[in-house]
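A closer look at the structure
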Amino acid sequence: MTGLTLATALGGAVTAEESEPNPLLPESYDIVWSLVIVVILGFFFIKYVMPKFQAILDERAEKIEGGLAKAEKSQEEAKAALEEYSRQLQEARTEAAHIREEARAEGGAIVEDLRRKASADADRIVESAQRQIEAERQAASVSLRQDVGALATELASKIVGESLEDSARQSRVVDRFLDELEAQGTTGAALTSGTAGKDA
Amino acid sequence: MTFLATTPILAAESDGFHAPSIDDFFPPAIWFDGTWFEINRITLVRFVALIALLLVFGIAAKRATLVPGRFQAAIEWILDFCRYSITYDTLGEKDGKKYVPLITAIFCSVFFFNITGVIPFLNIAGTSVIGLPLIFALWAYVMYFGAGIKKLGLGKFLKVNLLPAGVPKGLYLLLTPIEFLQLVIIRPATLMIRLLANMMAGHLLLALCFAGTQYLLFSAEGGLKVFGVVTFAGGFAFFLLEIFVAALQAYVFAILTALYIQMSSAEEH
């Protein structure tokens, strides 16, 4: 192609006098208008189209990078939050176990304490009851010893003093004895306590 | 050359067959005839492409949002292609960053001016006349000189480019003129001519196929009409090819610009 055109150019140079135009020799108007067009296009592209698209591309790259960074950041945050949550959960679990343990120990202590107290109370009650029983038993024993002695003495004297043949009399004697005994019983209580006190 | 030379004869021989010729690229003036501001059909085609480009990218840039829609995604796909596949792959991200707008502008503009060659009613590439490829090549030229001088300083820039390291001193006699030609003329000239020639050839091929089809179907006699179908199929294939070429040449122009910037600003070759 180049060869052909160069040949044409040479041919054109040789036959310059002829009317055949030489395609390699520009006409003045051709250059003028081409220059105008190229200058317009050059300015248009270099001053308008390319900066505009460059700005768009830069903005897009920035947005994408920003988005990626943001995603990464939120992922990290989520991870940190998860770790924090797990940690807190673990702590809470430990604390709950601790509290449960403490409560169990405390409950055990309370039960033990109460048991001890109850047992002490029971001991005390039993002891006081025994002491009372002992005292009463001693009182009864003192009073009985006194009474039995007196009764025996009295009964013997009665038996000696009266004839035992007559059953009527006998029964009268017994009745009288019992009446006396009864009468004595009322006054004898005071007497018994008096003697009991003297005994103790 | 032979093809171009024979076409007028063909045209003269057969009426009804309008063979494409070099004159297609020099249509009569519409306004301002003979002045520096003459406007012809191709200039108008360029204006149409310019307006389309301004509209497409202007609307895309104006409506650009953080979350792209389909239209914006398509535009961004093109811009990303220019950024990564052309600029960064050639210059690296660090050095390439400041040339992304330039490379993108060149790729998109060249493509739009190329593609008019296959757009119905425009039917000629804006880059198929020397003016536009020349200006684009000059732009690339200024940029790669600027890149080299800015990065290395004028002295080192010339030294690195004209006196390549690791070569026996005697060879400089041979190498330096070649390197000089390369730097100053050959690189921009190849940029310009490659684009121009591809677009011209594409137009001539398409025009020939469709003119042939027209002639064979409507003016030829009998059995010859069958060949009209063949030429039409050929035209259709070339039409598809031209779409590809339009994109390919835009890519080549852009990547060579990036490559020249890289070469002129590299510490070593």
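Note that the structure is predicted; figures quoted are calculated from it, not measured. (Residues numbered from 1 in each chain as written. Chains lettered and ligands numbered in written order. Predicted model: local features only at pLDDT ≥ 70, side-chain atom pairs only at ≥ 80, totals over all residues. Heavy atoms only, no water.)

**A closer look at the overall build of chain A**
- Scanning chain A for helices and strands turns up 3 helices and 0 strands.
- Traced from its N-terminal end to its C-terminal end, chain A shows the element sequence α-α-α.
- Residue burial in chain A is summarised as follows: out of 200 residues, 18% are buried.
- Split by element, the accessible area of chain A, about 14700 Å² in all, is 61% carbon and sulfur. (Helix = DSSP H or I, 4+ residues; strand = E, 2+ residues; numbered from the N terminus. Buried < 20%, exposed > 50% of the residue type's maximum accessible area, 1.4 Å probe, protein only. Areas by Shrake-Rupley, 256 points an atom, 1.4 Å probe, with all protein chains shown as cover.)

**As for the confidence of the model for chain B**
All names here are of chain B.
- In this model, chain B carries a mean pLDDT of 88, and residues with pLDDT of at least 70 account for 93%.
- Element-level mean pLDDT values for chain B span from 42 in helix α1 (residues 2-13) up to 95 in helix α4 (residues 100-115).
- Note that residues 1-14 has pLDDT below 50 and, in this model, 14 contacts with residues that lie over four places away or in other chains.
- For this predicted complex, the interface confidence reaches an ipTM of 0.84, while the overall pTM sits at 0.69. (pLDDT = per-residue confidence, 0-100. Contact = heavy atoms within 4.5 Å.)

**Quick notes on the UniProt feature "transmembrane region" (unreviewed entry) in chain B**
- UniProt annotation of "transmembrane region" (unreviewed entry) refers to residues 40-61, 99-122, 128-149, 195-217 and 237-261 of chain B when read in the numbering used here.
- A helix fraction of 100% and a strand fraction of 0% characterise residues 195-217 of chain B, whose end C-alpha atoms lie 33 Å from each other. (UniProt positions renumbered as here; feature names shortened; annotations may be inferred.)

**Quick notes on helix α3 (residues 70-96) of chain B**
- Compared with an ideal rise of 1.5 Å per residue, which puts 27 residues at 39 Å, α3 of chain B spans 28 Å between its outermost C-alpha atoms and falls more than 12% short.
- Maximal helix bending in α3 of chain B amounts to about 100 degrees, located at Y88 of chain B. (Expected span 1.5 Å × (residues − 1). Bend = angle between axes of the 7 residues up to and from the residue.)

**A closer look at the UniProt feature "transmembrane region" (unreviewed entry) in chain A**
- Per the UniProt record, "transmembrane region" (unreviewed entry) is found at residues 32-50 of chain A.
- Regarding residues 32-50 of chain A, the helix share stands at 100% and the strand share at 0%, and the terminal C-alpha atoms are separated by 26 Å.

**Comments concerning the interface of chain B and chain A**
- If you look at the interface, chain B gives 53 residues, while chain A gives 42 residues.
- A combined buried area of about 4400 Å² lies between chain B and chain A, and 78% of that area is made up of carbon and sulfur atoms.
- Between D30 of chain A and R46 of chain B there is a salt bridge, and its shortest N-O distance comes to 2.6 Å.
- One can count 10 residue pairs in polar contact (both at pLDDT 80 or more) joining chain B with chain A.
- Every element with two or more residues in the side of chain B that touches chain A is listed here: β2 (39-40), α2 (41-62), α3, α4, α5 (131-152) and α7 (172-218) of chain B.
- Sort the elements by how many residues they give to the side of chain B that touches chain A and α2 of chain B lands first, with 11 residues. (Buried area = accessible area lost by both parts, 1.4 Å probe. Salt bridge = Lys/Arg side-chain N within 4 Å of Asp/Glu carboxyl O. Polar contact = N/O pair within 3.5 Å; in protein donor to acceptor, adjacent residues only side chain to side chain.)

**Quick notes on the UniProt feature "coiled-coil region" (unreviewed entry) in chain A**
- Those residues carrying the UniProt feature "coiled-coil region" (unreviewed entry) are residues 68-102 of chain A in this numbering.
- Helix and strand shares over residues 68-102 of chain A are 100% and 0% respectively, and the end C-alpha atoms of the span are 50 Å apart.

**Re the nonpolar core**
- Of all hydrophobic cores here, the largest spans 81 residues; its most connected members are F45 and F53 of chain A together with F25, F57, F136 and F253 of chain B.
- Listing elements by their share of this core, those giving two or more residues are α2 (28-161) of chain A together with α2, α3, α4, α5, α6 (154-162), α7 and α8 (225-265) of chain B.
- Ranked by the residues each element gives to this core, the list is headed by α5 of chain B, at 12 residues.
- Beyond its immediate chain neighbours, meaning those up to four positions away, F253 of chain B contacts I106, V110, P133, F136, A137, L191 and L195 of chain B. (Core = buried A, V, L, I, M, F, W, Y, C linked by side-chain atoms within 4.5 Å.)

**Some remarks on the packing of aromatic side chains**
- Inspection of every chain in the model, using the stated rule, returns 19 aromatic pairs over all chains.
- Ring geometry for W77 of chain B against F81 of chain B: centres 6.4 Å apart, planes inclined by 20 degrees, an arrangement best described as stacked. One end of the pair is W77 of chain B and the other is F81 of chain B, both in helix α3 and 4 residues apart, which spans about a single turn.
- Grouping aromatic residues by their ring pairs yields a cluster made of F44, F45 and Y48 of chain A together with F57, F111 and F112 of chain B. (Phe/Tyr/Trp six-rings, centres within 6.5 Å; stacked < 30°, edge-to-face > 60°.)

**What about the side chain of R60 of chain A?**
- Along the polypeptide, R60 of chain A turns up in helix α2.
- Sequence-distant contacts of R60 of chain A, defined by excluding residues within four places in its chain, comprise T65, L66, P68, Q72 and E76 of chain B.

**Concerning a nonpolar patch on the surface**
- Judged by side-chain polarity, I30, W31, F32, W36, F37 and L44 of chain B come together as a nonpolar surface patch covering roughly 670 Å² of accessible area.
- In this fold, F32 of chain B is placed in the loop between β1 (29-31) and β2. (Patch = residues over 30% accessible without salt bridge, like charges linked within 9 Å, V, L, I, M, F, W, Y side chains within 5 Å.)

**A closer look at the pattern of salt bridges**
- Tallied over the full model, the rule gives 12 salt bridges over all chains.
- Here E134 of chain A makes a salt bridge to R137 of chain A, at a shortest N to O gap of 2.7 Å. Taken together, the residues E134 of chain A and R137 of chain A, both in helix α2 and 3 residues apart, mark about one turn of the helix.
- Looking at E134 of chain A, the relative accessible area reads 33%, which means it is partly exposed.
- Exposure remark for R137 of chain A: the relative accessible area of 46% places this residue in the partly exposed category.
- A salt bridge links K151 of chain B to D95 of chain B; the shortest N-O distance between them is 3.3 Å. With K151 of chain B in helix α5 and D95 of chain B in helix α3, this residue pair connects regions lying 56 residues apart in the sequence.
- Residue classification places K151 of chain B among the partly exposed residues on the basis of a relative accessible area of 43%.
- Residue class for D95 of chain B comes out partly exposed when judged on its relative accessible area of 23%.

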